Amino acid sequence: MASFAAEWAQVKREASAESGMRLASADGSHGPGGTKLSKAAWTAAANSVGLLKDDIKKARTALEQGQRRAAGNAEGVESAVAQREVYQSWKRYLDDVSGRCGGLQEPLEKAGHDEYKNDQAIVSAFGKLGDRYEDTPATGGQSRGR
């Protein structure tokens, strides 16, 4: 897994190479390839993450409503236990993703409001997210030794 600093440098290189996209820098300096960060880009990213978090909340509400309906009709159904496990798994997943969105939104907003002194402060803030959150395992379920 690449470090945040390496990923950050790659994003800046790609942004410079592709269509002249500009990224934001807290101190307004130019990064690799002459990119200059914009407050609007950070703010737009923060807003998008906030919208995603709202969508996740709606999905979780719909999941809970579906679970209540399913639980009411599950008496005597052998697959009900498996269905509850799937529900719990998705509920946990949605909660985790929502938490990550919240954790990501704050540093994006701060970057958009020039609350960081320089690029290193931005890297540090996002690096802390890597310390706090671990990537989710690959899809496909977990083996139960079968």
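Our subject is the structure listed above.
Definitions and cut-offs
- All residue numbers refer to position in the chain's written sequence, counted from 1.
- Predicted model: local features are reported for residues with pLDDT of at least 70 only, side-chain atom pairs are reported and counted for 80 or more only, and whole-chain, interface and lining totals are derived from all residues.
- Side-chain descriptors were evaluated using all non-hydrogen atoms of the structure, hydrogens and water having been removed beforehand.
- Whenever Lys or Arg places a side-chain nitrogen within 4 Å of a carboxyl oxygen from Asp or Glu, that contact is recorded as a salt bridge.
- Each helix is a run of DSSP H or I of at least 4 residues and each strand a run of E of at least 2, with the numbering of both proceeding from the N terminus.
- A simple rule labels every residue: compare its accessible area, found with a 1.4 Å probe on the protein chains alone, to the largest value its type can have, and call it buried under 20%, exposed over 50%, or partly exposed in between.
- Only buried residues count toward a nonpolar core. Its members are Ala, Val, Leu, Ile, Met, Phe, Trp, Tyr and Cys residues joined through side-chain atoms within 4.5 Å.
- Note on contacts: a residue pair is in contact if any heavy atoms of the two residues lie within 4.5 Å.
- Here the aromatic set is Phe, Tyr and Trp, taking the six-membered ring for Trp, and pairing holds for ring centres within 6.5 Å; pairs whose planes are under 30 degrees apart are stacked, those over 60 apart are edge-to-face, and all others are tilted.
- Multiplying 1.5 Å by the residue count of a helix minus one yields the expected span of that helix.
- To obtain the arc, one takes the directions from the helix axis to the C-beta atoms.

Let us look at the pattern of salt bridges. Side-chain pairs of opposite charge can arise whenever the charged atoms involved come near each other. The full count for this structure, using the stated rule, is four salt bridges. Across the pair Glu-106 and Lys-110 runs a salt bridge, and its minimum N-O distance is 3.3 Å. Of the two residues, Glu-106 and Lys-110 are both situated in helix H3 (residues 80-112); the distance of four residues between them amounts to about one turn of the helix. Owing to a relative accessible area of 29%, Lys-110 belongs among the partly exposed residues under this scheme.

Next up on the list: the nonpolar core. In terms of nonpolar packing, the biggest core is built from 15 residues, with Trp-8, Trp-42, Leu-108, Tyr-116, Ile-122 and Phe-126 touching the most fellow members. For this core, the secondary structure elements donating two or more residues are helix H2 (39-72), H3 and helix H4 (119-132). Looking at this core element by element, the count peaks at five residues for H4. Apart from residues lying up to four places away in sequence, Leu-108 is in contact with Trp-42, Ala-45, Ala-46, Val-49 and Phe-126.

Let's shift gears to the packing of aromatic side chains. In total, this model carries two aromatic pairs according to the counting rule given. With centroids separated by 5.9 Å and ring planes inclined at 25°, the aromatic side chains of Trp-42 and Phe-126 adopt a geometry described as stacked. You can see Trp-42 sitting in helix H2 and its partner Phe-126 sitting in helix H4, a full 84 residues away along the chain. Residue classification places Trp-42 among the buried positions, given a relative accessible area of 7%. We classify Phe-126 as buried; its relative accessible area is 8%. Consider the rings of Trp-90 and Tyr-93, whose centres lie 5.6 Å apart with planes at 80°: the pair is edge-to-face. In this pair, Trp-90 and Tyr-93 both sit in helix H3, three residues apart, roughly one turn of the helix. With relative accessibility at 46%, the residue Trp-90 sits in the partly exposed group.

With that settled, the discussion passes to H4. Here H4 spans 20 Å end to end across 14 residues, near enough to the 20 Å set by a 1.5 Å rise per residue. Where H4 is concerned, the buried positions are Asp-119, Ile-122, Val-123, Ala-125, Phe-126 and Leu-129. An end-on view of H4 places all buried positions within 160° of arc, on one side of the element. Opposite the buried face of H4, by more than 90 degrees, sit the exposed residues Gln-120, Lys-128, Asp-131 and Arg-132.

Looking now at H3. Given 3.6 residues per helical turn, the α-helix brings residues three or four places apart onto the same face. A rise of 1.5 Å per residue sets the reference length of H3, with its 33 residues, at 48 Å; its end C-alpha atoms lie 47 Å apart and thus fit the reference within 8%. Among the residues of H3, those classed as buried are Ala-80, Tyr-87, Leu-94, Ser-98, Cys-101, Gly-103, Gln-105, Pro-107, Leu-108, Ala-111 and Gly-112. On its buried face, H3 sits against H2 and H4. Immediately downstream of H3, the backbone of Asp-114 shows phi near 55°, a positive value.

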